[in-house]
Amino acid sequence: MALSPIDCQQVLEQIELYLDGELGGSLRAEIEEHLGRCGPCMDHSDFQRRLKELLRARCGCDQVPAHLLDRIRALLAETHGPPLD
Ligand SMILES: [Zn+2]
């Protein structure tokens, strides 16, 4: 399965793991490839990476509160089409 190119929704679902360096192998490569040709996803990953850096600097850990993630996702959905439901 998953031999077809990764799409935007999959990228958005995996982007946190990707940015955390928790993805490996072909999935990571697929996301990198997608980001290289998809502006909205690139913006999304750039935004989220900066946000993570900000949060990390502020709380000194990698954990982002769930309610904050929900707000971030809602915000990102506005700039990247409809919600993923
Ligand atoms: Zn995309």
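Look up a bit, the structure's there.
The structure contained in this document is the topic of the report that follows. Since the structure is predicted, the reported quantities are computational estimates derived from the model, not experimental observations.

## Observations regarding the overall build of the protein
For step 1, the next point in the chain: Helix and strand counts for the protein stand at four helices and zero strands.
For step 2, the next point in the chain: Reading the protein from its N terminus to its C terminus gives the helix and strand order α-α-α-α.
For step 3, the next point in the chain: The proportion of buried residues among the 85 residues of the protein is 12%.
For step 4, the next point in the chain: Restricting to contacts in the protein with at least 6 residues of sequence separation, those with at least 24 account for 59%.

## Focus on helix 1 (residues 8-19)
Each turn of an α-helix holds 3.6 residues, which means side chains three or four residues apart point in the same direction.
For step 1, the next point in the chain: Over its twelve residues, helix 1 runs 16 Å from end to end, which matches the ideal 16 Å to within 8%, given 1.5 Å per residue.
For step 2, the next point in the chain: What helix 1 keeps buried is the set Val-11, Leu-12, Ile-15 and Tyr-18. Buried residues along helix 1 cover an arc of 125° about the axis, so they all sit on one side.

## Remarks on the packing of helix 1 against helix 2 (residues 25-37)
For step 1, the next point in the chain: One way to put it is that helix 1 packs onto helix 2 with a least axis distance of 11 Å and a crossing angle of 115°. When the axis of helix 1 is compared with that of helix 2, the two are roughly perpendicular. Where helix 1 crosses over helix 2, the handedness of that crossing is left-handed. Contacts between helix 1 and helix 2 involve Val-11, Gln-14 and Tyr-18 from the first element and Leu-27, Arg-28, Ile-31 and His-34 from the second.
For step 2, the next point in the chain: Here the contact of helix 1 with helix 2 is composed, by residue class, of four nonpolar, two polar and one charged.

## Some remarks on the nonpolar core
For step 1, the next point in the chain: Core analysis: the largest hydrophobic core is formed by six residues, namely Val-11, Leu-12, Ile-15, Tyr-18, Ile-31 and Cys-41.
For step 2, the next point in the chain: It is helix 1 that contributes the most residues to this core, four residues altogether.
For step 3, the next point in the chain: When neighbours within four sequence positions are excluded, Val-11 is seen to be in contact with Ile-6, Ile-31, His-34 and Cys-41.

## Considerations on the environment of Gln-9
For step 1, the next point in the chain: Relative to the elements of secondary structure, Gln-9 occurs in helix 1.
For step 2, the next point in the chain: What makes Gln-9 exposed here is the crowd of 12 C-beta atoms within 10 Å.
For step 3, the next point in the chain: With 32 residues separating them in the primary sequence, Gln-9 and Cys-41 have C-alpha atoms 9.3 Å apart.

How each quantity is defined
- Along each chain, residues carry numbers from 1 onward, in the same order as the chain's sequence is written.
- Note on the predicted model: pLDDT of at least 70 is required for a residue's local features to be given, and 80 or more for side-chain atom pairs to be given and counted; whole-chain, interface and lining totals, by contrast, use all residues.
- Helix numbering and strand numbering both begin at the N terminus, where a helix is a DSSP run of H or I of at least 4 residues and a strand a DSSP run of E of at least 2.
- For the exposure call, what matters is how many other C-beta atoms sit within 10 Å of a residue's own: 20 or more marks it buried, 12 or fewer exposed, and in between partly exposed, using C-beta atoms placed from the backbone.
- By the convention adopted here, residues make contact when the C-beta atoms placed from their backbones lie within 7 Å.
- How far a helix is expected to stretch is found by multiplying one less than its residue total by 1.5 Å.
- Regarding the arc, it is the one traced by the directions from the helix axis to the C-beta atoms.
- Geometry is summarised by axes, namely lines fitted to C-alpha atoms with helices restricted to the contacting stretch, and by angles between N-to-C directions that run from 0 to 180 degrees.
- Put simply, angles under 35 degrees are roughly parallel, angles over 145 are roughly antiparallel, angles from 65 to 115 are roughly perpendicular, and the rest are oblique.
- In this scheme, a crossing is called left-handed if the near helix is turned counterclockwise away from the far one by less than a right angle; it is called right-handed if the turn is clockwise.
- Amino acids outside the nonpolar list (Ala, Val, Leu, Ile, Met, Phe, Trp, Tyr, Cys, Pro) and the charged list (Asp, Glu, Lys, Arg) are all regarded as polar, and Gly is one of them.
- Here, a nonpolar core means buried Ala, Val, Leu, Ile, Met, Phe, Trp, Tyr and Cys residues linked by C-beta atoms lying within 7 Å of one another.

The values reported here are purely geometric and, on their own, carry no functional implication.
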